[in-house]
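# Results of the structural survey
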Amino acid sequence: MSRLRRSMLFLPGSNAAMLSTAFVYQPDSIMFDLEDAVSLREKDSARLLVFHTLQLPIYKEFGIETIVRINSLKTEFGLKDLEAAIWGGADAIRLPKTDSAQEIHELEVHMARIEKASGREVGSTKIVAAIESALGVVNALSIAQSSPRLMGIAMAAFDYLVDMQTQRGDGSELFYARCAVLHAARVAGIDAFDAVFSDVDDEEGFLKEVELIKHLGYNGKSLINPRQILPLHNAYSPTQAEVDYAQQVIAAAEEGEKKGLGVISLNGKMIDNPIINSARRVISRYEASGVRQ
Ligand SMILES: CC(=O)SCCNC(=O)CCNC(=O)[C@H](O)C(C)(C)COP(=O)(O)OP(=O)(O)OC[C@H]1O[C@@H](n2cnc3c(N)ncnc32)[C@H](O)[C@@H]1OP(=O)(O)O
Ligand SMILES: O=C([O-])CC(=O)C(=O)O
Ligand SMILES: [Mg+2]
């Protein structure tokens with residue numbers, strides 16, 4: 001199974017206390033933000049802080065993937081952010097407000113140059129493209145297929161909903177975009193991350209949203225608060241009943257194969273390849289993250 005990316009925890013790159021302690025919460029990925037969570041007057045100091053934090057061995061020791069959200073390359077900060085992220089050793093760059101594949105191609109050229117200069121293997125730094133506009137949603141497939149560096153695309157709901165001239169409601173306002181981004185990711189064979197849920201005190205609302213995006217097929221979600229990590233990981237772990245059933249399916253499939261049967265039956269239900277593959281996915285999720293508590 002590929003790397004687990006259920007939780008991607010955002011934190012403001014200007015917040016020294018959060019930067020030095022966030023590993024204790026053990027998200028799958030941590031995202032040092034240099035874009036919208038950092039004020040204009042803190043852009044330079046935040047970049048320096050993030051550069052130094054990336055070099056702390058503790059994030060690697062905890063197996064946490066490090067991602068830097070840079071400012072757009074159209075701003076005066078973007079290129080400096082990219083230099084700091086790559087020289088600092090970030091695993092991936094999150095490009096905000098990605099509207100086209102062309103923007104990823106421009107980013108790649110700079111990344112290759114900086115990797116060469118810093119002695120990093122060319123191509124080793126990954127990209128996550130954040131989709132934050134109607135144009136980005138319409139272009140999601142070409143964005144998702146634009147580079148072998150892309151490890152995922154992320155739905156960014158705040159800016160997207162402003163562009164759509166609406167706001168957060170019952171989820172119907174995001175349904176088309178969520179599906180489009182997810183389909184693009186699946187066609188491209190990369191991960192899909194859902195949007196931030198901003199009311200950190202509303203655990204019930206958060207879990208409802210997590211159930212929806214998990215059911216749609218998202219790999220995980222961008223988060224803004226450590227209190228959201230455990231409930232998310234737990235929701236993504238299979239239940240004991242799901243694990244038991246998956247084990248029965250795999251045992252029945254192995255038995256059927258020994259007997260040379262193409263189609264087998266378990267408790268009166270037909271078991272075929274899609275069901276066996278889905279059972280294998282449940283088992284690998286269980287092996288990676290345990291059973292739901
Ligand atoms: C639209 C966008 O662009 S979203 C992406 C950019 N936004 C962000 O990065 C915001 C990140 N999140 C935050 O800054 C904060 O969680 C807030 C402002 C949302 C809420 O802050 P608080 O109410 O102080 O959170 P809370 O009381 O749960 O904090 C508890 C502890 O977790 C820490 N913490 C909170 N959020 C984070 C975080 N994202 N990463 C790491 N640590 C965090 C706090 O520092 C605090 O630590 P302490 O107990 O050692 O003092
Ligand atoms: O990228 C994200 O997940 C958060 C964000 O900027 C947005 O929703 O506009
Ligand atoms: Mg945004």
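The following paragraphs examine the structure supplied in this document.

Rules used throughout
- Residues numbered from 1 in each chain as written.
- Chains lettered and ligands numbered in written order.
- Predicted model: local features only at pLDDT ≥ 70, side-chain atom pairs only at ≥ 80, totals over all residues.
- Heavy atoms only, no water.
- Core = buried A, V, L, I, M, F, W, Y, C linked by side-chain atoms within 4.5 Å.
- Buried < 20%, exposed > 50% of the residue type's maximum accessible area, 1.4 Å probe, protein only.
- Helix = DSSP H or I, 4+ residues; strand = E, 2+ residues; numbered from the N terminus.
- Contact = heavy atoms within 4.5 Å.
- Pairing = 2+ DSSP bridges.
- Axes fitted to C-alpha atoms, helices over the stretch in contact; angles between N-to-C directions.
- Near = heavy atom within 4 Å.
- Polar contact = N/O pair within 3.5 Å; in protein donor to acceptor, adjacent residues only side chain to side chain.
- Areas by Shrake-Rupley, 256 points an atom, 1.4 Å probe, with all protein chains shown as cover.
- Nonpolar A, V, L, I, M, F, W, Y, C, P; charged D, E, K, R; others polar.

## Re the nonpolar core
I30, F32, V68, L82, I153 and Y218 are the most contacted members of the largest nonpolar core, which has 59 residues in total. For this core, the element with the most residues is helix α9 (residues 172-188), which contributes 7 residues. Beyond its immediate stretch of four places on either side in the chain, I153 contacts V128, A129, A140, I143, A144, V181, A184, A185, I190, D191, A192 and F193. Formed by 12 residues, the second largest nonpolar core is a distinct cluster that contains A246, A253, I271 and A279.

## Some remarks on the sheet that holds strand β4 (residues 92-95)
The strand order around the closed barrel built from 8 strands is β1-β2-β3-β4-β5-β6-β7-β8, with neighbouring strands paired in parallel fashion. Taken over all neighbouring pairs, the strand axes of this sheet differ in orientation by 25° on average, direction set aside. Across 3 bridges, strand β3 (residues 65-69) lies against β4 in parallel orientation. By the bridge assignment for β4, I67 is matched with A92.

## Structural notes on the site of ligand 1
Lining the immediate surroundings of ligand 1 are 14 residues, of which F10, R69, I224, N225 and R227 lie closest. The backbone of F10 places a nitrogen or oxygen atom 2.7 Å from a nitrogen atom of ligand 1. A distance of 3.0 Å separates an oxygen atom of ligand 1 from a polar side-chain atom of N225. Coverage of ligand 1 by the protein amounts to 57% of the 960 Å² it exposes when considered alone. Looking at the shell around ligand 1, the element that brings in the most residues is strand β1 (residues 7-12), giving 4 residues. Here the residues of the shell around ligand 1 sort into 10 nonpolar, 1 polar and 3 charged.

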